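Read off the chains here:
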Amino acid sequence: MRVDGPADGGVLRCEVVVWADGTAHAEPALASLVWPVREQARVVGLSRPLPALVGRAGHGWTGFRGLGDGRAVVTGCRWATPHLEVGEREPVVVPVVQERLLGFAQAHLPVDGAEGPQWAWITAHSCDGLPLVGPIPGDPRRLVCAGFGGQAWGLGPAAAALLVDGLVGSTTAPVPWLAPSRMV
């Protein structure tokens, strides 16, 4: 693989390419296995502080986290758009999703009306909900560690450790139910 590199016009060459969560949709071999999804969040002010807890509601489609300081972060409500934000590659705030996030907060949390920041980001989802960790079938020098579906902080460190163990020749056994070859 050739990558245009340093500002001095040099060329970077690599032995291995790792497609990580936010970049996997750029790899043609993964196009049908991993796709981008826009997620959104907003901060709401509360009339009384919630402990620093995490909750999910609406069949897991909406979540909240008390910040312990009189505010909470509310996430989810992708269902507010016809395409569930699937295939979106730009992390832009969508008003209809933000309205639903606020509506959820007002219905389930002690919201005091104070507005807070709103933001969006892109996650990579896999077709079976499990991450892809390991070599892309047919090319052992192209690896993937992606498809966490918004659970990168929970699953990512262990998945990355598996990938590193494979790169440095560790005796750690691969995890077949995470291998990209399961999709072939």
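Residues numbered from 1 in each chain as written. Predicted model: local features only at pLDDT ≥ 70, side-chain atom pairs only at ≥ 80, totals over all residues. Heavy atoms only, no water.

**So, unusual backbone geometry**
Cut-off, in case you're wondering: For helices the rule is a DSSP run of H or I covering at least 4 residues; for strands it is a run of E covering at least 2, with both sets numbered from the N terminus onward. Throughout, exposure labels follow a simple rule: accessible area from a 1.4 Å probe, protein chains only, divided by the maximum for the residue type, with under 20% read as buried, over 50% as exposed, and the rest as partly exposed.
At C77, a position not held by glycine, the phi torsion is positive, near 60 degrees. Relative to the helices and strands, C77 is located in the loop between β7 (71-76) and α1 (95-108). Judged by its relative accessible area of 1%, C77 falls in the buried class. Despite not being glycine, L84 shows a phi value in the positive range, around 55 degrees. Along the polypeptide, L84 turns up in the loop between β7 and α1. Residue classification places L84 among the partly exposed residues on the basis of a relative accessible area of 28%.

**Concerning a nonpolar patch on the surface**
Note the following rule: Patches in this entry comprise residues that are over 30% relatively accessible and not in a salt bridge; like charges within 9 Å are linked, as are nonpolar side chains (Val, Leu, Ile, Met, Phe, Trp, Tyr) within 5 Å. For accessible areas, the Shrake-Rupley method is used with a probe of radius 1.4 Å. Any residue's cover is judged against the shown protein chains and nothing else. For this analysis, a salt bridge means a side-chain nitrogen from Lys or Arg found within 4 Å of a carboxyl oxygen belonging to Asp or Glu.
Taken together, V16, V18, V164, L167 and V168 make up a surface patch of nonpolar side chains, about 400 Å² in accessible area. Of note, V16 is situated in the loop between β2 (11-13) and β3 (17-20).

**Re helix α2 (residues 152-167)**
In an α-helix, one turn spans 3.6 residues; hence positions three or four apart end up facing the same way. Rules: What the arc measures is the spread of directions leading from the helix axis to the C-beta atoms. Working rule for contacts: check all heavy atoms of both residues, and any pair within 4.5 Å makes them a contact.
For α2, the complete set of buried residues consists of G156, A159 and L163. Buried residues of α2, seen end-on, are gathered within an arc of 85 degrees and therefore sit on one face of the element. Away from its buried face, by an angle of more than 90 degrees, α2 presents the exposed residues G154, P157 and A158. Along its buried surface, α2 packs onto β3, β9 (132-136) and β10 (139-146).

**Quick notes on the layout of surface pockets**
The cut-off we apply is this: Definitions used for this entry: grid spacing 1 Å over protein atoms alone; cavity, a set of points where a 1.4 Å probe fits but cannot get out; pocket, an open set with protein on both sides within 12 Å along at least 5 of 7 lines; lining residue, one with an atom within 4 Å of a point. Grid points are joined across faces, edges and corners, and a volume is the space filled by probe spheres set on the points. As a working rule, the residues Ala, Val, Leu, Ile, Met, Phe, Trp, Tyr, Cys and Pro are called nonpolar, Asp, Glu, Lys and Arg charged, and the rest polar, with Gly in that last group.
Each pocket or cavity is described by its volume, and for the largest pocket that value is around 710 Å³. Contributing to the lining of the largest pocket are 27 residues, with R56, T75, W121, G150 and Q151 lying nearest its centre. Secondary-structure elements contributing two or more residues to the lining of the largest pocket are β4 (34-46), β5 (54-57), β6 (62-66), β7, β8 (111-126) and α2. Of all the elements, β8 adds the most residues to the lining of the largest pocket, at five residues. Here the lining of the largest pocket is composed, by residue class, of ten nonpolar, twelve polar and five charged.

**Focus on the pairing of β7**
What counts is decided by this rule: Being paired, for any two strands, means DSSP has found at least two bridges between them.
Sheet topology places β4 next to β7; five bridges connect them, and they run antiparallel. Residue A41 lies in a different strand from β7, and its bridge partner there is T75. Examined bridge by bridge, β6 and β7 share five bridges and lie antiparallel to one another. The residue of β7 that forms the bridge with G66 is A72. Taking the residues between adjacent antiparallel strands as the criterion, β6 and β7 are bridged by four residues, where G68 takes a positive phi near 75 degrees.

**Focus on the pattern of salt bridges**
Throughout the structure, instances matching the rule amount to eight salt bridges. In this structure, R38 and E85 form a salt bridge, with 2.5 Å as the shortest nitrogen-oxygen distance. Of the two residues, R38 is situated in strand β4 and E85 in the loop between β7 and α1; the sequence distance between them amounts to 47 residues. In this pair, the class of R38 matches that of E85, namely buried. As a salt-bridge pair, E39 and R78 come within 3.6 Å of each other at their nearest N and O atoms. Taken as a pair, E39 in strand β4 and R78 in the loop between β7 and α1 lie far apart in primary sequence, 39 residues in all. We classify R78 as buried; its relative accessible area is 12%.

**With respect to the confidence of the model for the protein**
Put simply, the rule reads: Across the chain, each position has a pLDDT score giving the predictor's confidence in that residue, from 0 to 100.
Per-residue confidence for the protein averages 83 on the pLDDT scale, and 89% of its residues sit at or above 70. In the model of the protein, strand β1 (residues 2-4) stands out as the element of lowest mean pLDDT, 49, in contrast to α1, which has the highest, 94.

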